[in-house]
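Per-entry structural report
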Amino acid sequence: MKSSFPIFLAVFVALGASFGGFVVGGISQLGTEKQTTVLNSTDTYPLQRTGDATLGLQVYRAQGCAACHTTQVRQDGMTCDVVLMGAGKNLRAVQKVLGEIAPADKDLATNQLPKTIFSGVTKEVAGDNSDKLTGAGAKAEIHINATGADISRGWGIRQSVAEDFLWDYPVQLGSLRAGPDLANVGARYTMNLQLQHLYAPQSVDKNSAMPPFKYLFVVRKKINGELSPDALSLPKGIVPDDSEVIPTDDAKNLAAYLVSLRADVPLYDAPFTPTVSAPAEKK
Amino acid sequence: MNVNENKISVSEIDASCRVPLLALFGGAALWLVIGLALSIVASLTFHKPDMFANCAWLTYGRVQPAANDLILYGFCIPAALGVMLWIFARLSQIPIVLPLLPIVAANIWHLGVVVGTLVILSGNSTGFLWLEYGRGAFVLLLCAFFLFAISAFATFGARHHRELHVSHWFLIAALLWFPWIYAAANFFLVICPVRGVAQAVIDWWFANNLIFVWLALVGIGAAFYFLPKFAGRPLHNHYLALFAFWTLIIFGTWCGIPQGAPVPAWLPAASTVASALLIIPLIAIAKISVKTVYGANTQCKGGPFCYIKFGTAAFILSSLMLIAQACPHFSRVVGFTWFGPAQTQFQLLGFFAIVILGGFYELMLRVMGCELPYPKFVRVQHWLFIAGLVLLVGSLAVAGIVQGMKLENPKIAFDDVSSATLIAFRFSTTGQLLLLLGSFLFAANIFVMTARWKFGLLKSGWKALNAPLQASEVKS
Amino acid sequence: MNHDLSNSKSQTSTHLTVPIWIIALMLTLIFLGGVYFDHHSGWFDAKVYGPYQSAGQLAAYQPLSGEAAIVAHGKQVYEINCGTCHGPDGMGMPGKAPPLAGSEWVNAKGFHRLVEIPQLGLNGTITVKGQPMNFPTGMAAVGSAMSDADLAAILTYIRASWGNNADAVTADDVKAVRASVGGHHAIDGDVELKTIPE
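The residue numbers shown here count from 1 along each chain, following its written sequence. As they are written, the chains are lettered A onward and the ligands numbered 1 onward, keeping that order. The predicted origin of the model limits local features to residues at a pLDDT of at least 70 and limits the giving and counting of side-chain atom pairs to 80 or more, whereas totals for whole chains, interfaces and linings rest on all residues.

Time to look at the overall build of chain B. Per the convention used, a helix needs a DSSP run of H or I reaching at least four residues, while a strand needs a run of E reaching at least two, with both numbered from the N terminus. Of the regular secondary structure elements, chain B holds 17 helices and zero strands. A globule of 476 residues ought to have a C-alpha radius of gyration of about 23 Å, and chain B, at 22 Å, matches this closely. Classification of the 476 residues of chain B by burial places 63% in the buried group. Summarising the internal contacts of chain B: among those between residues at least 6 apart in sequence, 83% fall at separations of at least 24. Values of the radius of gyration come from C-alpha atoms, whereas the globule rule sets the reference at 2.2 Å times the count of residues to the power 0.38. Put plainly, a residue is buried at 20 or more neighbouring C-beta atoms within 10 Å of its own, exposed at 12 or fewer, and partly exposed in between, counting only other residues' C-beta atoms, which are placed from the backbone. Here, residues touch in the contact sense if the C-beta positions derived from the backbone fall within 7 Å of one another.

See the structure below:
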């Protein structure tokens, strides 16, 4: 072959296809994403991060935290629980049904309610059994749970979805877990603990491999031997007794960002039944 | 081939590449050394976490991307352009057209790498994997690439021998590929950012198209040029090579979206299917390479032939690691572990750097018209690189699988998962040291060669300075 | 180096054809890939994330069973359709609508009247908690276009919220009442309302 036209064609066809699919398709589908509502609620999600947390994302980016931390929870599957909420008018009939579907609970008394009759079953099994219980006049609910190793580790309640990152620029998903996942770290660490962890990670978690970010803090002598209001309350032995550690604005913003990281409300695309009230109302 | 009277001598063609190639390779060698040194600095954090606690510029999250980008943008791409330019000139059987452009391009490119590295280390990176350099460096790198591409296309267009070589397909495609992906990714992520997780999708698309597809196009394109030369026989099956080319770019370009990413299911599903289909070009490339070199009576003795053979084999292996990462079940284990970095390092240093270094050692003697200053270093570097890669990639890949299996078991505390990988860093850091040592040998060869050449130019005086190409045209 | 790189013989390559088995392997993989994609992609649905495999499966796993879910759904529909006048807290608004919280009409044992009010609309004076109220605009037949399930969810919600405590209303109940509703004019105050059986 002598003409170079086929090479141009090949590149145009091949790269053009994936450009159309991933870049144009990705932008038109995910780049136009809007706020959504929390499942079974009128609360919008996600809310814009606060000003200091938005600045904190820039600190997170500048330090390259995403080199070691992911902010995405993976989900392997979903299971259902059937919870008997009330026995209704005819306890006998309910007990009879229970004897057929769950012999262990056949002597159920009303004061034991609500009680989980089945857990970790598929939607079909849960639906069938809950229908049988409702047929006997009982009140049964099906609870949806997201499952997976990340979720069992307590890194989240459900998987991360696009909405969780709606307001972020740059989106810091991360690709390596040299450190734990941070998608819900706001639910685990308070602001003060976060700052202490940034200054001296090993004082919070003895075996942590995280480098301390001391350059985000100022160590200075205590004024009149008193801690300033801004100073970290650290365990003894990290800094000399006559010194105190003052977080810089960067450290405060970063901690605010980390505290703002929580993606634990049910959404249509990541459904689950909250065991307690939705966290949006918990504040 | 028609032998016409104004046929240009081979040494003249080679000599025309001299200054552009020295500019491209000189900087590349420097960046390889600095990049590997920085990656050692980064890995020190795992041996002693509080080592750089007070130094923002050397914190792991900055040094690590800076080191990776130096190896990719500093070494791999300019060195690839150098080899590409020489192959174009040789295949066209003419001296480089517009030789000033690649020289200017090389300098702008290296300036862009300096700017980008400082941007990352000072904490101004964009935060996007493999795109950390930001606007300033983006403009410089893209301009440099355009200048280079003009000269490369002009050299290609003016070819005497009109028939396309297999390598032409791969290399021309690479020339078209880079500006498209680099400009598109920077436009949508840095210049005019899109909203939400679409950023991550574009970043994955870019990273895969650069690190997997682009490097494969150049590396395999160069290997398909050099392997028949070394083996002294034609490339096995021209059409199978074109088949490999088409399937590589059609399937390869859709890979790269990780399983379990927080994006709608069709994106990772498309990547999984494309990754499985990648097995087709891999089989084709393996078959062509083996059939071309098998039974050839050329001894390689740690020379360039060995480099290219090893590099091609490394391509197959690292691509298989890439495919494995996209498998639904295996990806669950190795996702977010050190297996990913192991694969990337293998792709960059095991496959690409080795193939390009092999090409470099082969072409540099001809381009400079003299022997290498330290010919033995070639062989030593080969073994240092192989040993270093086995330690680096092997330990990280095993650590990744172990880490992944422990992560899958929620009963194992996260600290125990991390500490299980610490032993691997002893091996991987040793591997990085060997690689650094090897890159020193490469740098020594090219810098001494450049110094000698410049010294020779000075010695032969003003006249030689005016016509440096003629002065060293006599082949030793 | 003992061989010349510009050796023209090795610039060309042998021209064999592409082996048929590799094409067959490719076609097989494309077929299997298509099957995999069909099962796992959710067909480009923006809401389907793995491990969910399709929009249908995702819909099945929505926690929308049991009374709690109906109440939650009712809250959503109520706040869009009714909350602007009756208030998101059910306290009503002066000049717009009477309170629902603690209202004897809402807490009534039966639900007939409660279905008919949104179905037909309401004008004139209505007495709530012993206090006669008159609203110039009255209430339009906002419920007439709603589905049985939505209206039932709203009624269940208002009967279970803000201190109210009355039985749930099912979609079948709403359907039955709707079928029996006579005229198409708005109900004229509590005078006419009281003529409707509880």
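After that view, the rundown keeps rolling.
For chain C, the helix and strand inventory stands at eight helices and four strands. Along chain C, from the amino end to the carboxyl end, the secondary structure elements read α-α-α-α-α-β-β-β-α-α-β-α. The buried share of chain C, reckoned over its 198 residues, is 28%. At a minimum sequence separation of 6, the contacts of chain C that also span at least 24 residues come to 59%.

Our next topic: the interface of chain A and chain B. On the side of chain B, 66 residues touch chain A, which itself brings 59 residues to the contact. Mapped onto the side of chain A that touches chain B, the elements with two or more residues apiece are helix 1 (5-30), helix 2 (51-62) and helix 5 (149-152) of chain A. With 15 residues, helix 1 of chain A is the single largest residue contributor to the side of chain A that touches chain B. Residues that form the side of chain A that touches chain B fall into these classes: 34 nonpolar, 16 polar and nine charged. When residue character is reported, Ala, Val, Leu, Ile, Met, Phe, Trp, Tyr, Cys and Pro are called nonpolar, Asp, Glu, Lys and Arg charged, and the others, Gly included, polar.

Between two packed helices, both the angle of their axes relative to each other and the distance between the axes serve to describe the pair. Residue and element names in this part refer to chain B. Remark: helix 11 (residues 304-326) packs on helix 13 (residues 339-368), axes separated minimally by 8 Å, with the N-to-C direction vectors making an angle of 160°. Taken together, the axes of helix 11 and helix 13 are roughly antiparallel relative to one another. Like other packed secondary-structure pairs, helix 11 and helix 13 cross with a definite hand, here left-handed. Axis geometry follows a simple rule: fit a line to the C-alpha atoms, using only the stretch in contact for helices, then measure angles between N-to-C directions, giving values from 0 to 180 degrees. By the definition adopted for this analysis, an angle is roughly parallel if under 35 degrees, roughly antiparallel if over 145, roughly perpendicular if from 65 to 115, and oblique otherwise. By convention, the crossing between two helices is left-handed when the near helix turns anticlockwise from the far helix through less than a right angle, and right-handed when the turn is clockwise.

What follows is about the interface of chain B and chain C. Contact with chain B, which involves 35 residues of that partner, is made by 35 residues of chain C. Secondary structure elements with two or more residues in the side of chain B that touches chain C: helix 7 (198-231), helix 8 (238-252), helix 9 (266-277), helix 10 (279-293) and helix 13 of chain B. A per-element tally of the side of chain B that touches chain C places helix 9 of chain B first, with eight residues. For the side of chain B that touches chain C, the residue count by class is 24 nonpolar, seven polar and four charged.

All names here are of chain B. Put simply, helix 8 and helix 10 touch, their axes get as near as 8 Å, and they point 150° apart. When the interaxial angle is binned, helix 8 and helix 10 end up roughly antiparallel. Helix-helix and strand crossings are classified by hand; for helix 8 and helix 10 the assignment is left-handed. Contacts from Leu 240, Ala 241, Phe 243, Ala 244, Thr 247, Leu 248 and Phe 251 of helix 8 reach helix 10 at Ile 280, Pro 281, Ala 284, Ile 285, Lys 287 and Ile 288.

Where a strand is regular, its side chains alternate between the two sheet faces. Should DSSP find at least two bridges between two strands, the strands are taken to pair. Note that strand 3 (residues 77-86) of chain A and strand 5 (residues 139-147) of chain A share nine bridges and pair antiparallel. Among the inter-strand pairings, Gly77(A) is bridged to a residue of strand 5 of chain A, identified as Thr147(A).

This part is about helix 4 (residues 100-121) of chain B. The terminal C-alpha atoms of helix 4 of chain B lie 32 Å apart, and with 22 residues this matches the ideal 32 Å at 1.5 Å per residue to within 8%. Directly after helix 4 of chain B, the chain includes Gly123(B), whose backbone phi takes a positive value near 85°. What a helix should span is 1.5 Å times the count of its residues minus one.

Another point: the sheet that holds strand 5 of chain A. Residue and element names in this part refer to chain A. Read across the sheet, three strands follow the order 4-3-5 without closing on themselves; strand pairing throughout is antiparallel. The open sheet is flanked by strand 4 (115-121) and strand 5, the only strands paired with a single partner. Ignoring strand direction, the axes of neighbouring strands in this sheet form an average angle of 20°.

So, on to the environment of Ala174(B). All names here are of chain B. Mapped onto the fold, Ala 174 is located in helix 6 (residues 166-191). On a C-alpha basis, the gap between Ala 174 and Leu 30 in space is 24 Å, while along the polypeptide they are 144 residues apart. Beyond its immediate sequence surroundings of up to four residues, Ala 174 is in contact with Trp 214, Leu 217, Val 218 and Gly 221.

Attention shifts here to the pairing of strand 3 (residues 131-134) of chain C. Residues and elements named next belong to chain C. Taken together, the four bridges between strand 2 (residues 125-128) and strand 3 define a ladder with antiparallel strand orientation. In the strand pairing of strand 3, Thr 127 is matched with Pro 132. Taken together, strand 2 and the strand that follows it, strand 3, pair antiparallel across an intervening segment of two residues, in which Lys 129 is found at a positive phi of about 50°.

Most peptide bonds take the trans configuration, and most residues that are not glycine carry a negative phi. Here the residue pair Tyr169(A) and Pro170(A) is connected by a cis peptide bond, since its omega of -5° sits within 30 degrees of zero. One can find Pro170(A) in the loop between helix 5 and helix 6 (185-188). At Asn224(A), a position not held by glycine, the phi torsion is positive, near 55°. Tracing the backbone shows Asn224(A) in the loop between strand 6 (217-221) and strand 7 (243-247). Positive phi outside glycine occurs at Phe336(B), with the angle close to 65°. Relative to the helices and strands, Phe336(B) resides in the loop between helix 12 (328-334) and helix 13. Judged by C-beta crowding, with 25 C-beta atoms within 10 Å, Phe336(B) ranks as buried.

Low pLDDT marks regions whose predicted coordinates should not be analysed in detail. All names here are of chain C. Scored by pLDDT, chain C has a mean of 81; 87% of the residues are at 70 or more. For every residue, the predictor reports its confidence as pLDDT, a number between 0 and 100. No element of chain C has a lower mean pLDDT than helix 3 (residues 66-81), which averages 74, and none a higher one than helix 1 (residues 20-40), which averages 96. The low-confidence segment residues 1-11, where pLDDT is below 50, has 17 contacts with residues more than four positions distant or belonging to other chains. Reported confidence for the predicted complex is 0.93 by ipTM and 0.84 by pTM.

Helix length check: helix 1 of chain C (21 residues) gives 30 Å between terminal C-alpha atoms against 30 Å at 1.5 Å per residue, within 8%. For helix 1 of chain C, the buried fraction is low: two of the 21 residues fall into the buried class.

Turning our attention to the environment of Glu198(C). All names here are of chain C. With respect to the secondary-structure elements, Glu 198 resides in the segment after helix 8 (189-193). Taking the number of C-beta atoms within 10 Å as the measure of exposure, Glu 198 has 11 and is therefore exposed. Remark: the alpha-carbon pair of Glu 198 and Pro 19, spanning 179 residues in sequence, is separated by 83 Å.

Right, let's talk about the confidence of the model for chain B for a bit. For chain B, the mean per-residue pLDDT works out to 92, and 95% of the residues sit at or above 70. The lowest-confidence element of chain B is helix 17 (residues 468-471) of chain B, averaging 53 in pLDDT; the highest-confidence one is helix 4 of chain B, averaging 97.

Residue and element names in this part refer to chain B. Its location among the elements puts Ile 356 in helix 13. Note: C-alpha distance between Ile 356 and Ala 80 (276 residues apart in sequence) is 6.3 Å. With near-sequence residues (within four places) excluded, Ile 356 lies in contact with Ala 79, Ala 80, Val 83 and Ala 222.

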